[in-house]
2 protein chains.
Amino acid sequence: MSIVCVGSVALDSVKTPSGERGEALGGAATYFSAAASLFTHVDIVAVVGEDFPRQHVDFLASKGIGLEGLERRPGRTFRWTGEYGFDLNEAKTLKTELNVFESFHPKVPAALRKSEWLFLGNIDPRLQLDVLSQIEKPKLVAADTMNYWIAGSLEPLKKLLARIDLLFVNDSEARQLSGETNIVKAALAIQAMGPRIVCIKRGEYGAMLFLPREGQGRDGEQIFALPSMPLAEVRDPTGAGDSFAGGFLGSLAAGGRTDAQALRRSAVLGTVLASFTVEQFGLERLGSLTTAEVEERFQIFSRLTWHGHV
Amino acid sequence: MSIVCVGSVALDSVKTPSGERGEALGGAATYFSAAASLFTHVDIVAVVGEDFPRQHVDFLASKGIGLEGLERRPGRTFRWTGEYGFDLNEAKTLKTELNVFESFHPKVPAALRKSEWLFLGNIDPRLQLDVLSQIEKPKLVAADTMNYWIAGSLEPLKKLLARIDLLFVNDSEARQLSGETNIVKAALAIQAMGPRIVCIKRGEYGAMLFLPREGQGRDGEQIFALPSMPLAEVRDPTGAGDSFAGGFLGSLAAGGRTDAQALRRSAVLGTVLASFTVEQFGLERLGSLTTAEVEERFQIFSRLTWHGHV
């Protein structure tokens, strides 16, 4: 199954304790599709300005990413400038220039309206709803969101939640959205708002997947908990969450199954993809990644987490 | 194999968002030995005051814990008063009354000097060294420490590290001790100081075990990473780390093996024991825990973390 991905394509300027990069290719849709394209075909729906470098378009095309939905509009491309401290845990945003993204009204090309797998990157929930309405018969809809929309656009966000299958959020977003301090209670409360699958991203601490209540079987558990990949070098955490979502949804769509076993395996592949992303700046590592390297690290992750499961 | 455990036995007054308890049985040696005693025999070396309630002695004895090394001295028992905020992540110490603990000079009873397994709870590293010198031929020595000793008693701590097999520390202690920000580098640097096994405790985020460099075999990984047990109710995190160490070392000593497979399994059992402790105040849950409940939760943990390991 191929995936339609809506979100930002940006030029990122990032500084971390390991160095800095100016106006490098970035954005949620970029990381998501670069990661997912290792497993399946992805079409991007996004907007860039007239100044968007040709080499970035070529890069995306070289990954086999469908660019029919990548609008080029008069004006400048969305830019983000951020900085990470020594612990690399949270980005400090220094500047956000929305530019052409400010008036972004995503249009799904006619040829993609029959798509069945949809990833709604972190944009205004009204736009996420609008994109969803353009897809004729979606089979699996995943979305990301953030504190800004939870605080300021809760009503459209709730409408969206009622219509999606999978939500990606981090710890604090889950707490904010649910009003629950305990993360297990928070995730269960979010499941009750609509998405039958909730994935809590915890950065360097791993992730938790809350699986559908039904169909777990007698021996099943509703939760899948996994650590992140221990890494001796982390140079730039930008895009980790979107790479996670891309590896997760890409591998899931490639297999075409959404049972608990497939979801668990995909969460590990999301973790693997994110681990590659953060080892270098921007897309420097993800851009040259091979499926053999992904498979090798999946095996390493399996050994890292093995305790003699019965 | 039985274990000798040196550390604090205390009266804890704790307040959390779930309630409060005054002067309840606590202390590192108490949690450690209550957890470890589910797997093997433990002897405590500790000190209490004249005011230490008889019922607490009876409780420890009822768990089969050896109390020959539990000195009763003139004066009052060590008391700790603390409080946790809504996120339950870190205790705020309101009051520490060392009392008889201030002049504690642990004496290992003659009958225990031939013991082979030793747990040196978080006390002055000079005392930890002193206890170690009283054991004739230790086979496995594990220790805990804290920021206070790393900052103020680094030299004796380093002497200790050179003589132990396993160190338990949390993230920030590992960073402080090694001077490395990256947690993988920090753990490897600590291994180079002596302990061939380093266990990084991350509270609600799980743990990482750095295994001996040798003997991992061709397919082995030097790291074992595991999440914590997802819990919908956490009432009091006090004693989680010591329960973890007790479950870990107790199950390891019971099996008598220290190969990678045994260490991984024991880290999971440590996680399981800690998960029970935090569900209730103080020793309320740990005190009534059965091996059948431990085994059941071990199986749940295995399913929670299973992704189809090959």
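First, a word on scope: everything that follows refers to the structure included in this document. (Residues numbered from 1 in each chain as written. Chains lettered and ligands numbered in written order. Predicted model: local features only at pLDDT ≥ 70, side-chain atom pairs only at ≥ 80, totals over all residues.)

1. Concerning the overall build of chain A
To keep things clear, this is the line we draw: Here a helix means four or more residues in a row that DSSP labels H or I, a strand means two or more in a row labelled E, and each is numbered from the N terminus. Both definitions apply: the radius of gyration is a C-alpha atom measure, and the globule rule equals 2.2 Å times residues to the power 0.38. Exposure classes come from backbone-placed C-beta atoms, where a residue is buried if 20 or more other C-beta atoms lie within 10 Å of its own, exposed if 12 or fewer do, and partly exposed in between. Each residue is represented by a C-beta atom placed from its backbone, and any two residues with such atoms within 7 Å are regarded as in contact.
When its secondary structure is counted, chain A shows 10 helices and 13 strands. Over its C-alpha atoms chain A spans a radius of gyration of 18 Å, differing by no more than 12% from the 19 Å that the globule rule assigns to 310 residues. Taking the principal axes of its C-alpha atoms as reference, chain A extends roughly 55 × 45 × 35 Å. Within chain A, the proportion of its 310 residues that are buried is 52%. Counting only contacts in chain A whose residues sit at least 6 apart along the sequence, the fraction spanning at least 24 positions is 65%.

2. Focus on the packing of helix α8 (residues 240-255) of chain B against helix α9 (residues 260-279) of chain B
Residues and elements named next belong to chain B. Our working definition: Inter-axis angles, ranging from 0 to 180 degrees, are taken between N-to-C directions of lines fitted to C-alpha atoms, where helices are fitted over the stretch in contact. Relative orientations are named as follows: roughly parallel for angles under 35 degrees, roughly antiparallel for angles over 145 degrees, roughly perpendicular for angles from 65 to 115 degrees, and oblique for any other angle. Crossing handedness is defined as follows: a turn of the near helix away from the far one that is anticlockwise and smaller than a right angle gives a left-handed crossing, while the clockwise case is right-handed. Here the term charged refers only to Asp, Glu, Lys and Arg, the term nonpolar to Ala, Val, Leu, Ile, Met, Phe, Trp, Tyr, Cys and Pro, and the term polar to all other amino acids, Gly among them.
At a minimum axis distance of 7 Å, the contact between α8 and α9 shows a crossing angle of 140°. In this view, α8 runs oblique relative to α9, as classed from their interaxial angle. The element α8 and its partner α9 pack so that their crossing is right-handed. Contact with α8, carried on its side by A240, S243, F244, A245, G246, G247, F248, S251, L252 and G255, involves A262, L263, S266, A267, L269, G270, T271, V272, L273, A274, T277 and V278 of α9 and no other residues of that element. Residue composition of the contact of α8 with α9, grouped by class: 13 nonpolar, 9 polar and no charged.

3. Details of the nonpolar core
Put simply, the rule is: By convention in this section, buried Ala, Val, Leu, Ile, Met, Phe, Trp, Tyr and Cys residues joined through C-beta atoms within 7 Å make up a nonpolar core.
Counting 196 residues, the largest nonpolar core has A:C5, A:A187, A:L209, B:C5, B:A187 and B:L209 as the members making the most contacts within it. Beyond its immediate sequence surroundings of up to four residues, A:A187 is in contact with A:A174, A:V198, A:I200, A:M208 and A:F210.

4. A short note on the pairing of strand β2 (residues 10-16) of chain B
Residue and element names in this part refer to chain B. Rules: For two strands to pair, DSSP has to find at least two bridges joining them.
In terms of residue burial, β2 counts as a mostly covered element, since 5 of its 7 residues are buried. Sheet topology note: the β2/strand β3 (residues 19-26) ladder contains 6 bridges and is antiparallel. Residue pairing for β3: T16 is matched across the bridge by G19. Hairpin connection, β2 to β3: the antiparallel pair is bridged by 2 residues. Bridge analysis of β2 against strand β6 (residues 79-84) gives 5 bridges, and the strand direction is parallel. What sits directly across from S13, in β6, is T81.

5. Topic: the interface of chain B and chain A
Listed as interface residues are 36 residues of chain B and, on the opposing side, 36 residues of chain A. Broken down by secondary-structure element, the contributors of at least two residues to the side of chain B that touches chain A are α7 (183-191), β13 (223-226), α9 and α10 (291-304) of chain B. At 5 residues, α10(B) tops the list of elements feeding residues into the side of chain B that touches chain A. Its residues placed into classes, the side of chain B that touches chain A shows 18 nonpolar, 10 polar and 8 charged.

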